[in-house]
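# Notes for the structure review
As a plain string of letters, each chain reads:
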Amino acid sequence: MSHQLGRAVSEILHRYFGEIVQQVGKDLFTYGSKPISMIVKTTGLPRQQVIESLRTLLKFDLATFEPSVNDSIADYKLLPDNVLLLIRYPRYLLQIKSKFGSEAELLVEELLQQAICTATVLLVTIATKYKDGKESNINVIQLKDTFVSLATAAYIQQAPVAELKEDCEVPTLVPVATIVPDLDTRALIQAVNTGNIADINDNVYWRVNYDRFHQDFRDDLMVKAIARRIDDNAGELTRVLLQQMYLSMPAWAAESGPVPVTELRERCADKPLISQHINHYLKVIEESGAGFIRRYGEAGGGQYSVRVRHAAQELVHAALDHLVTERLGSHAARIFRLIRTKKYIDEEDIQKHAMLPNKECKELTYKLLEEHFISLQPMRKAASAGAMAKAIYLYHIKLHDVAQSATELCYRSLHNVVRRAHHERALHSRLLDKQRRVRSIVHQMRLRGEPAQNIVDVEETLTPPELAVLQSIEKRLKQLNTAELELDKTLFILKWYFMYPQ
Amino acid sequence: MSENIEDDLKEKILNLAKKNPKGITDKDITVAIPELTSSELVTAINKLLQQGCFDLYNQGGSLIYRLKTQANKQAVKGADNEEKVVFNLIEEAGNKGIWIRDIRIRSNLANTQLTKVLKSLESKKLIKAVKCVNASKKKVYMLYNLEPDRSISGGAWYQDQDFESEFVDILNRQCLRFLQQRADKIKNNPRGPIIGRTQSYATASEVQKYITDLGISNVKLEVEDVITILNTLVYDGKAESSVYPDGNRVYRAIESLIPPPGLVQVPCGICPLVLKCCSTGLVTPQECTYMTEWLE
């Protein structure tokens, strides 16, 4: 909960929900939790608008509420971490598309837009939307099957249900165990045809399970890291190991339980190169500097466990190395790594090991200290030695603190990127508006089947210089968008590291 | 006449001493030259000591005379006592050298006198002053013909007390290239990953041979020097090291676990002004020049 986080969150809220929600969100962020009347007072917005904003925030799970002291009114609280997830949506869609195909993507996209929704409404809306479309091979039966498999794989889950406790007027949200639904296909087809869904009695609400996606992202990170370090087969083996781990452990455990090699061998039976050298691969992965897995014991032909927490730490280290390299140059990164390897090190020893000229070495060390990448630990000699005894200064790295400041930097950059995109849009809003208008007019003319000449005439209202400007804006916005996604990936690694207590 | 006898006697004693390089005692002399009286012996020995032919030692209560080596004797010829003392101290220090302060304390000479002595010895090219690499102000003295120790000269990386960072950088790059040539052997090796890994490892002596064959260095590089270079590669994160069962260190080129993260791909991640960047004011994301350049 930092100032930078607040700035980033506020910009994101503005982008997705507009100014009023931004104001309410910002207010909630600044004051922690507070009831509606207080929000009205500090923001100066009409009560109705505040309620509407809160409704939106609550619906998208960006805020939560709890009974206030007197039990009759609710205190609202912003969930900044969930707000940051808004920019991760494209990644969710890509992930689900590559895993379950484009129908699943449609489902998840619609569900993300609706935030929470019943299965019936969701399926019928999508089916109606694409009924007349060119990709008419989307039908409600297939959609239903995809929905069921998504629910089985826990990518979507049932939304928590509001429960009213006794002598308390504020409901509490209680999570429900997800039950894979059994949907009536015939009723669905009928609903699509008639466009009337009132007949179907469905009051189970669904929403996207972000955690499941994050687990996929994390697996990908680990697998790719191993593949970079060793080879694709080793990466594949890591994936199998992780899957095996999920059978017995919670997905985010710091260290997995032991997985016997025999089980792994069975799972890899179809990959000759891996199964042939499975013990060798495991040994190489274990002995690679990353230390993602650990030999647990000898029982059952050897057992291995996955050190998830350690993996997070290693990846944060790698990210920080890159950061230092880019900010202060590769020599500074050398010193940074040197200090990490030696844990605590004296200034003179740094010079000796880093093989840098004394002056440069000192300068870089002090710069690292200035940017809070490293810390200094003075060691005083015993008092008896008198004035001659100088203190020894040992450099070391406090990973938690460094990661924290990297996170701050991420928030800052995220805010700047979103802000800049907003600025670019505002700067050229007239042109963008014009383009939008022309497009919609052309679209309607095409639908009406008007002669091509007329359409061309309308299109030509956008002059070539205007088109050139539009193109450059589009390019800029695209670049900013990519930057957002990439920043989010960095944040993901850092968040994953912070998940485990120090 | 008596001088002749004396010279004869000296000759005899010197010959005896030459035969026994470990030194001779009074007893040895009386056994070898039985006709010698003790008073004659004393005068002869005293003469010899004065001429600086002998070093005098006390071993287990008896005195031992040891012949000085010829070179040293010549070196201090024509020098006064102070010079001899200082010279001996410097000689003792070997190729590590001795600090002027230590000479002063051990020789009990006054500061001005000592500098004079040192200057005269230096002008005779008997000793030399060498600057210490790890303390630029500290000068140490050693015999003129000695090669300074690594701890003093800094080894191959120093040219006249200056650290040659370019040389180190070039070697660093060449070592990396050598390791990278092998690094791919581990990828999808049909003979299994362990053999692949072994093939991608290189020992320090292999790297040293490669560097020597390249001929980029006119200084002879020892294996230890190459190890220091390889260690900088490890600290650069471009290599990892491991130990063979026989105790040899081996090195392998590696890549970072992740590609450059998003944070360093945006200008803010590397911006020197990022901490001064605010929503309003002189430095803002809207007006940021770095960002404009990046977006072009």
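In this text the structure is predicted, and so the values were computed from the model without any measurement.

### Observations regarding the overall build of chain A
Of the regular secondary structure elements, chain A holds 23 helices and 14 strands. Seen along its three principal axes, the alpha-carbon backbone of chain A occupies a region of about 90 × 65 × 60 Å. A total of 502 residues make up chain A; the buried ones form 48% of that total. Partitioning the contacts of chain A with sequence separation of at least 6, the portion at a separation of at least 24 is 64%. Of the roughly 25,100 Å² of accessible surface on chain A, a fraction of 52% belongs to carbon and sulfur atoms. Averaging the coordinates of the 64 positive side-chain charges in chain A and doing the same for the 62 negative ones gives two points 6 Å apart.

### Observations regarding the overall build of chain B
Scanning chain B for helices and strands turns up 15 helices and eleven strands. The buried share of chain B, taken over its 296 residues, is 41%. Summarising the internal contacts of chain B: among those between residues at least 6 apart in sequence, 48% fall at separations of at least 24. Element-wise, carbon and sulfur atoms account for 50% of the exposed surface of chain B, whose accessible area totals about 17,100 Å².

### Looking at the domain arrangement of chain B
Domain annotation for chain B reports domain 1 (2–68), domain 2 (74–153), domain 3 (162–253) and domain 4 (264–295). Just the C-alpha atoms count here: the centres of domain 2 of chain B and domain 3 of chain B sit 41 Å apart.

### A word on the interface of chain A and chain B
With 63 residues of chain A at the contact, the number on the chain B side is 57 residues. Summing both sides of the interface, chain A and chain B together bury roughly 5,300 Å²; the carbon and sulfur share of this comes to 59%. Where chain A meets chain B, there are four salt bridges. For Glu-296 of chain B, the salt bridge is made with Arg-476 of chain A, and the minimal N-O distance between the two is 2.8 Å. The tally of links between chain A and chain B comes to 22 residue pairs in polar contact (both at pLDDT 80 or more). Listing elements by their share of the side of chain A that touches chain B, those giving two or more residues are helix 11 (210–229), helix 12 (232–248), helix 15 (278–287), helix 16 (308–328), helix 17 (330–342), helix 18 (347–354), helix 20 (399–427) and helix 23 (464–499) of chain A. Considering each element in turn, the side of chain A that touches chain B owes the most residues, twelve residues, to helix 20 of chain A.

### A look at helix 8 (residues 119–129) of chain A
Buried within helix 8 of chain A are the following residues: Ala-119, Thr-120, Leu-122, Leu-123, Val-124, Ile-126 and Ala-127 of chain A. Against helix 7 (102–114), strand 4 (117–118), helix 9 (140–152), helix 10 (185–194) and strand 8 (205–208) of chain A lie the buried residues of helix 8 of chain A.

### Describing the domain arrangement of chain A
Here chain A is partitioned into domain 1 (3–83), domain 2 (101–208), domain 3 (217–306), domain 4 (312–397) and domain 5 (403–499). The C-alpha-based centres of domain 3 of chain A and domain 4 of chain A are spaced at 35 Å.

### Considerations on the environment of Ser-149 of chain A
Residues and elements named next belong to chain A. Following the sequence through the fold, Ser-149 ends up in helix 9. Here Ser-149 falls in the partly exposed class, since its relative accessible area comes to 28%. For Ser-149 and Ile-189, which are 40 residues apart along the polypeptide, the C-alpha to C-alpha distance reads 19 Å. Here Thr-146 takes part through its backbone oxygen, which lies 2.8 Å from a polar atom of the side chain of Ser-149.

### Some details on empty space enclosed by the protein
In total, this model carries two cavities of 30 Å³ or more according to the counting rule given. Here the largest cavity is characterised by a volume of approximately 60 Å³. Every residue along the wall of the largest cavity is listed here: Val-316, Ala-319, Leu-320, Leu-323, Ala-406, Thr-490 and Leu-494 of chain A together with Pro-261, Leu-263 and Val-264 of chain B. With four residues, the top contributor of residues to the lining of the largest cavity is helix 16 of chain A.

### So, the pattern of salt bridges
All names here are of chain A. With the rule as written, the count across this model stands at 38 salt bridges over all chains. Note that Glu-450 and Arg-448 form a salt bridge whose closest N and O atoms lie 3.0 Å from each other. On the basis of relative accessible area, Glu-450 is assigned to the partly exposed category, the value being 27%.

### Some details on the nonpolar core
Judged by nonpolar contacts, the single largest core of 154 residues is most densely connected at Leu-57, Phe-147, Phe-292, Leu-315, Ile-335 and Trp-496 of chain A. The contacts of Leu-57 of chain A, once residues within four sequence positions are left out, are Leu-13, Val-21, Val-24, Leu-28, Leu-62, Ala-63 and Leu-78 of chain A. Residues Met-355 of chain A together with Phe-178, Ile-211 and Leu-230 of chain B belong to the second largest nonpolar core, which totals 25 residues.

### Overview of the sheet that holds strand 10 (residues 239–243) of chain B
Either a parallel or an antiparallel arrangement is found when strands of a sheet pair, and the pairing is made through backbone hydrogen bonds. Residues and elements named next belong to chain B. Across the sheet, three strands lie side by side as 9-11-10; this open sheet has antiparallel pairing. If you trace the sheet from one side to the other, it starts and ends with strand 9 (202–203) and strand 10, each paired once. Sheet topology note: the strand 9/strand 11 (residues 249–253) ladder contains two bridges and is antiparallel. Bridging from a neighbouring strand, Thr-203 pairs with Val-250 of strand 11.

### Comments concerning a negative patch on the surface
Where like charges cluster on the molecular surface, the negative patch consists of Asp-71, Glu-166, Asp-167 and Glu-169 of chain A. Here Asp-167 of chain A lies in the loop between strand 6 (161–163) and strand 7 (172–174).

### What about the sheet that holds strand 12 (residues 345–346) of chain A?
Residue and element names in this part refer to chain A. With respect to topology, three strands assemble into an open sheet ordered 12-14-13, the strand pairing being antiparallel. The two strands at the open ends of the sheet, each matched to only one other strand, are strand 12 and strand 13 (375–379). Pairing between strand 13 and strand 14 (residues 392–396): five bridges, direction antiparallel. Within strand 14, the residue paired with Pro-378 across the bridge is Tyr-393.

### A short note on the UniProt feature "domain: RNA polymerase III subunit RPC82-related helix-turn-helix" (unreviewed entry) in chain A
UniProt records the feature "domain: RNA polymerase III subunit RPC82-related helix-turn-helix" (unreviewed entry) at residues 9–65 of chain A, using the numbering of this structure. Secondary structure content for residues 9–65 of chain A is 75% helix and 9% strand, while the C-alpha to C-alpha distance between its ends is 19 Å.

### Examining a nonpolar patch on the surface
Residues and elements named next belong to chain B. Taken together, the side chains of Ile-170, Leu-214 and Ile-216 define a hydrophobic patch exposed on the protein surface, amounting to about 220 Å² of accessible area. Assignment of secondary structure puts Ile-170 in helix 9 (residues 165–183). Here Ile-170 falls in the partly exposed class, since its relative accessible area comes to 38%.

### Some points on the packing of helix 2 (residues 19–31) of chain A against helix 4 (residues 47–59) of chain A
Residues and elements named next belong to chain A. For the pair helix 2 and helix 4, the least separation of the axes is 9 Å and the interaxial angle reads 80 degrees. Relative to helix 4, the element helix 2 lies roughly perpendicular. Two secondary-structure elements touch here, helix 2 through Ile-20, Val-21, Val-24 and Leu-28 and helix 4 through Gln-49, Val-50, Ser-53, Leu-54 and Leu-57.

### Looking at the side chain of Arg-197 of chain B
Checked against the element boundaries, Arg-197 of chain B lands in helix 10 (residues 193–200). Judged by its relative accessible area of 12%, Arg-197 of chain B falls in the buried class. If sequence neighbours within four positions are ignored, Arg-197 of chain B has contacts with Val-284 and Glu-287 of chain A together with Ile-186 and Arg-252 of chain B.

### A few points about the pairing of strand 2 (residues 63–67) of chain A
Residue and element names in this part refer to chain A. Pairing of strand 2 with strand 3 (residues 74–78), which is carried by five bridges, proceeds in the antiparallel orientation. In the strand pairing of strand 3, Phe-65 is matched with Tyr-76. In sequence, strand 2 turns back onto strand 3 through a hairpin of six residues, with Asp-71 there showing a positive phi of about 70 degrees.

Definitions and cut-offs
Residues numbered from 1 in each chain as written. Chains lettered and ligands numbered in written order. Predicted model: local features only at pLDDT ≥ 70, side-chain atom pairs only at ≥ 80, totals over all residues. Heavy atoms only, no water. Helix = DSSP H or I, 4+ residues; strand = E, 2+ residues; numbered from the N terminus. Buried < 20%, exposed > 50% of the residue type's maximum accessible area, 1.4 Å probe, protein only. Contact = heavy atoms within 4.5 Å. Areas by Shrake-Rupley, 256 points an atom, 1.4 Å probe, with all protein chains shown as cover. Lys, Arg positive; Asp, Glu negative; His and termini not counted. Charge placed at Lys NZ, Arg CZ, Asp CG, Glu CD. Domains from an automatic or database assignment. Buried area = accessible area lost by both parts, 1.4 Å probe. Salt bridge = Lys/Arg side-chain N within 4 Å of Asp/Glu carboxyl O. Polar contact = N/O pair within 3.5 Å; in protein donor to acceptor, adjacent residues only side chain to side chain. 1 Å grid on protein atoms, 1.4 Å probe; cavity = no way out; pocket = protein on both sides within 12 Å on 5 of 7 lines; lining within 4 Å. Points joined across faces, edges and corners; volume = space filled by probe spheres on them. Core = buried A, V, L, I, M, F, W, Y, C linked by side-chain atoms within 4.5 Å. Pairing = 2+ DSSP bridges. Patch = residues over 30% accessible without salt bridge, like charges linked within 9 Å, V, L, I, M, F, W, Y side chains within 5 Å. UniProt positions renumbered as here; feature names shortened; annotations may be inferred. Axes fitted to C-alpha atoms, helices over the stretch in contact; angles between N-to-C directions. Parallel < 35°, antiparallel > 145°, perpendicular 65-115°, else oblique.

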